[in-house]
Amino acid sequence: VDGLPLQGTPFHVDVLPGPPHPSSCEANLLSRTVAGEEILVLIEGADEYGNKRTCGGGTFKAHLRGTEIQDVPVVDKDNGTYLVSFVPRIAGSLDLSVILEKKHVRSSPMN
């Protein structure tokens, strides 16, 4: 007031990332893809402005199509990342879709 700082200022404010947004989240393949071996995909959560998430809570879904068709579990790591893990039994072309709020995340579907 009148050029003087108000008592108790400046205020310290921590701004946290918002909820995960499909266009800002990305799925990345972490392992090679061989029939009979576990395939790992890491989903990195980010809000609509691209801020990386540091906690869990996103409701991601994963679906596999191709030589095998199945829903694949998504594990919330409670740190802003999510893990998809599956073991294909049949060699051939597969598409893995990662969905959040009925929309594909970036790099989905993966093939």
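Relevant structure appears above.
None of these values were measured; they are calculated from a predicted model. (Residues numbered from 1 in each chain as written. Predicted model: local features only at pLDDT ≥ 70, side-chain atom pairs only at ≥ 80, totals over all residues. Heavy atoms only, no water.)

(A) Spotlight on the pairing of strand E6 (residues 81–86). The sheet contact formed by strand E2 (residues 39–44) and E6 spans six bridges and is antiparallel. Within the sheet, the bridge partner assigned to Ile43 lies in E6 and is Tyr82. In the sheet, strand E5 (residues 74–76) pairs with E6 via three bridges, with the strands oriented antiparallel. Along E6, the bridge assignment pairs Val74 with Val84. Connecting the antiparallel pair E5 and E6 is a turn made up of four residues, with Asp78 showing a positive phi of about 60 degrees. (Pairing = 2+ DSSP bridges. Helix = DSSP H or I, 4+ residues; strand = E, 2+ residues; numbered from the N terminus.)

(B) Just the sheet that holds E5, in detail. Strand order in this open sheet of four strands is E1-E2-E6-E5, and the pairing throughout is antiparallel. In this open sheet, the two edge strands, each paired with only one partner strand, are strand E1 (26–29) and E5. The mean angle between the axes of side-by-side strands here comes to 25 degrees, regardless of whether they run parallel or antiparallel. (Axes fitted to C-alpha atoms, helices over the stretch in contact; angles between N-to-C directions.)

Geometric descriptors of this kind do not, in isolation, establish any biological role.
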